[in-house]
Amino acid sequence: MASKLSNFGKTLLRRRALNCGGEESQFARCLSTLDLIALGVGSTLGAGVYVLAGEVARDKAGPAIVLCFLIAALSSMLAGLCYAEFGARVPKTGSAYLYSYVTVGEIWAFITGWNLILSYVIGTASVARAWSSTFDNLVEQKISDFFKASMAMKVPGGVLAEYPDLFALILILLLTGLLAFGVSESALVNKIFTGINLVVLGFVIISGFVKGDTANWNLTEDDYVGFINQTNGTWTNKVEKEFGSGGFAPFGVAGVLSGAATCFYAFVGFDCIATTSEEAKNPMRSIPIGIVASLLICFFAYFGVSAALTLMMPYYQLDRQSPLPEAFTHVGWAPARYIVAVGSLCALSTSLLGSMFPMPRVIYAMAEDGLLFRTLSRMNTRTKTPLLATIASGIVAALMAFLFDLAALVDLMSIGTLLAYSLVAICVLILRYQPGNLSSSSQTEKLVELVEGEKVAVSGGDSGDESGMELDEKPLRETFTAKLLFSPSGKNPTETSGAIVYATTAIISILITVLCVILANCLQELRDGSAGVVVPVIILTLLCAVCVIIIWRQPESKEALTFKVPLLPWLPLFSVFVNIYLMMQLDFSTWIRFSVWMAIGFAIYFFYGIKNSSEAANRSSPRKYEPALQSKSPIYKGAPDDSDLEAGSP
């Protein structure tokens, strides 16, 4: 019985071996660095820039919204840096799904991929409905009035929408056709719309600084009272809620932090760049640059628009739904609302394309590995796109946009995205402390068997890898002692030090999760100094600190990469903490819906994926390592591999 459970556990945690053997990618390598930056900016800089700034400034932060975006950008950059390193390390399509598969195992990879699919489907459908609604507002609700009168769907339960959104359905199907036609054509359309969006935002920022008044960043209660008197309102009960204390940060530090948590989601979307690894001309260089550059551009856009908005009019007068048109009306530039509307539609178009672009590629990667139905991995030889995956995902998203009320489902996007961010950070942390590298298939095989205990005496070097003679200096395996936790035996990682980091990372992930649950649900008790909350928080924090020190003391790999995450292990672990804390902020009903979606996914995995997995077939064949050991080709042909070394064979 114990043997069966052990084998079942090993099956769930089996890792994918990246043995490409020099094979050509089935995708068309046609995307430049500029294409990837445009894709990241277009996907991230959606309609939120036209709406979110007004909502957060009005209710949570006032002019200090610029600090909210700064904090949110720094938090997002943590995840972005982790994605950038993996893009340099594993230039294969699949994004966080593949990163999890090669590092923490098949079950985690499936969970990540399955939730990414959900995030992209809901994201696509909700953005399409927002596009339809924005256009409907421009024509004074004539479209919605027509459908409500002729095709109303009055179904109890609030699951279905008030009326079928035919406009959103057609829009998604059109973009599905564009994506199926070819990636270069899609990238061109995306660059055009992203360019228009950035020009409009530039106009907004310049206008705000020209027509703005710095007095709006230092308002007093007298200003608010004067505004209330002008509008014939009553102000006695509204001062604290709508005005706060005035000045630059009227709602204090708590308001800034609350606003930053909301603004964090404005930076979601850059991860679509990581799915282009097999379509980029030089992925090891372009993906890190694309991710970091797109996040920086988005930060400056959000920062500039929020600053301009709060300079143009007092924060307590901002409109929550359409702040920019109201702000331009306030300064006497009412016709500028049409320029803003054009920018908003372009932003929604690029955001929609950014949601739809990675979806079929994640499905393709999972289907190619056998975790989803293999028919979905078929490629069109002419367009070199995953045609069936593109069409299937497009139809599902189109039907959701057509029929469903997505307001209750939007939070599900957050779980999938934040889970992916967390796992990528954990994977980066684990891999940086492992012996060898992933730039050749033999090294991957060694990492794959690290936990299973088989000794595979293979070491690989890079042209700049100082640990090329690692085996001569120290054997890959050494006997574990408690002393090794804080005082490792050498400067180069071994299998034992790698296993220590692997186990310690798993422990600290659990500790951080428990800590975030307490912080999310008992924050007021913590502020009040309740011993029942303060003591567990202190204990968990100390245990986390010990785990961080253990990881920090282990020897780090000296493998040469085009990009590396700085400040290990602090930065990835802080990223994990931020992501898990935000997940714990989601309400109970969202977690119930998440459980239903996961139940469907586990049914597919345990009845189909676990038996049809490519790794299952690889492990059942004899002499598994022989082809891997004979091959020393890197994942991406453009990577330098002249000095890859084989130190032995089993």
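The rules behind these values
Residues numbered from 1 in each chain as written. Predicted model: local features only at pLDDT ≥ 70, side-chain atom pairs only at ≥ 80, totals over all residues. Heavy atoms only, no water. Helix = DSSP H or I, 4+ residues; strand = E, 2+ residues; numbered from the N terminus. Buried < 20%, exposed > 50% of the residue type's maximum accessible area, 1.4 Å probe, protein only. Contact = heavy atoms within 4.5 Å. Areas by Shrake-Rupley, 256 points an atom, 1.4 Å probe, with all protein chains shown as cover. Axes fitted to C-alpha atoms, helices over the stretch in contact; angles between N-to-C directions. Parallel < 35°, antiparallel > 145°, perpendicular 65-115°, else oblique. Left-handed = near helix turned anticlockwise from the far one by under 90°. pLDDT = per-residue confidence, 0-100. Patch = residues over 30% accessible without salt bridge, like charges linked within 9 Å, V, L, I, M, F, W, Y side chains within 5 Å. Salt bridge = Lys/Arg side-chain N within 4 Å of Asp/Glu carboxyl O. Core = buried A, V, L, I, M, F, W, Y, C linked by side-chain atoms within 4.5 Å. Polar contact = N/O pair within 3.5 Å; in protein donor to acceptor, adjacent residues only side chain to side chain. Phe/Tyr/Trp six-rings, centres within 6.5 Å; stacked < 30°, edge-to-face > 60°. Lys NZ or Arg CZ within 6 Å of the ring centre and 35° of its normal.

(A) Looking closely at the overall build of the chain. Per the secondary structure count, the chain includes 28 helices and 0 strands. Counting over 650 residues, the chain shows a buried share of 56%. In the chain, of all internal contacts separated by at least 6 residues, the share reaching a separation of at least 24 is 81%. Taken as a whole, the chain presents about 26600 Å² of accessible surface, with 64% of it coming from carbon and sulfur.

(B) Here's a closer look at unusual backbone geometry. A cis amide bond links Leu 568 with the next residue in sequence, Pro 569, at an omega value of -5°. As for its position among the elements, Pro 569 is in the loop between α24 (531-553) and α25 (570-584). Unusually for a residue other than glycine, Leu 567 sits at a positive phi of about 55°. Note on placement: Leu 567 falls in the loop between α24 and α25. Here Leu 567 falls in the exposed class, since its relative accessible area comes to 62%.

(C) A look at the packing of helix α8 (residues 166-181) against helix α15 (residues 336-356). The interhelical angle for the contact between α8 and α15, taken along N-to-C directions, is 60°, at an axis separation of 11 Å. As judged from the angle between their axes, α8 and α15 are oblique. Note that α8 runs across α15; the crossing there is right-handed. Each of Leu 171, Ile 172, Leu 175, Thr 176, Leu 178 and Leu 179 in α8 lies in contact with α15, whose residues at this interface are Leu 352, Leu 353 and Met 356.

(D) Geometry of the confidence of the model for the chain. Taken residue by residue, the chain gives an average pLDDT of 81. The fraction at 70 or more is 85%. This model gives residues 439-475 a pLDDT under 50, and the stretch forms 114 contacts once residues within four places in sequence are excluded.

(E) View of a nonpolar patch on the surface. The grouping of Phe 486, Val 546, Ile 549, Trp 552, Leu 567 and Trp 570 at the surface amounts to a nonpolar patch, some 640 Å² of accessible area in total. Locating Trp 570 in the fold gives a position in helix α25.

(F) Examining the nonpolar core more closely. One finds Tyr 83, Phe 86, Phe 267 and Leu 372 to be the most contacted residues of the largest nonpolar core, which totals 176 residues. Those residues in contact with Leu 372 that sit more than four places away from it in its chain are Phe 110, Trp 114, Ile 117, Ile 363, Met 366, Ala 367, Ile 604 and Tyr 608.

(G) View of the side chain of Thr 275. Position of Thr 275 relative to the elements: it lies in the loop between α12 (252-264) and α13 (283-312). When its relative accessible area of 0% is taken as the criterion, Thr 275 is described as buried. At 2.6 Å, the side chain of Thr 275 forms a polar contact with the backbone oxygen of Cys 272. Apart from the residues within four sequence positions on either side, Thr 275 is in contact with Thr 93, Ser 95, Phe 357, Pro 358, Arg 361 and Val 362.

(H) Structural view of the packing of helix α16 (residues 358-368) against helix α17 (residues 387-403). Put simply, α16 and α17 touch, their axes get as near as 8 Å, and they point 125° apart. Here α17 runs oblique to α16, going by the angle between their axes. For the element pair α16 and α17, the recorded crossing hand is right-handed. Counted together, Met 359, Pro 360, Ile 363 and Tyr 364 of α16 and Ala 389, Thr 390 and Ser 393 of α17 form the full contact between these two elements.

(I) Layout of the packing of aromatic side chains. Taken as a whole, this structure holds 33 aromatic pairs when the rule is applied. Taking the centre distance of 6.2 Å and the plane angle of 75° together, the rings of Phe 251 and Tyr 315 count as edge-to-face. Here Tyr 315 lies in the loop between α13 and α14 (323-330) and Phe 251 lies in the loop between α11 (239-243) and α12, a separation of 64 residues in the sequence. On the basis of relative accessibility, which here comes to 18%, the residue Phe 251 falls in the buried class. We classify Tyr 315 as buried; its relative accessible area is 1%. Arranged with centres 6.4 Å apart and planes meeting at 5°, the rings of Phe 328 and Trp 333 form a pair that is stacked. Taking the relative accessible area as the measure of exposure, Trp 333 reaches 31% and is therefore partly exposed. Here the aromatic cluster, defined as three or more aromatic residues joined through ring pairs, consists of Phe 8, Phe 110, Trp 114, Trp 597, Phe 602, Tyr 605 and Phe 606. Geometry around Phe 357 places Arg 361 over its ring, the cationic atom sitting 3.9 Å from the centre.

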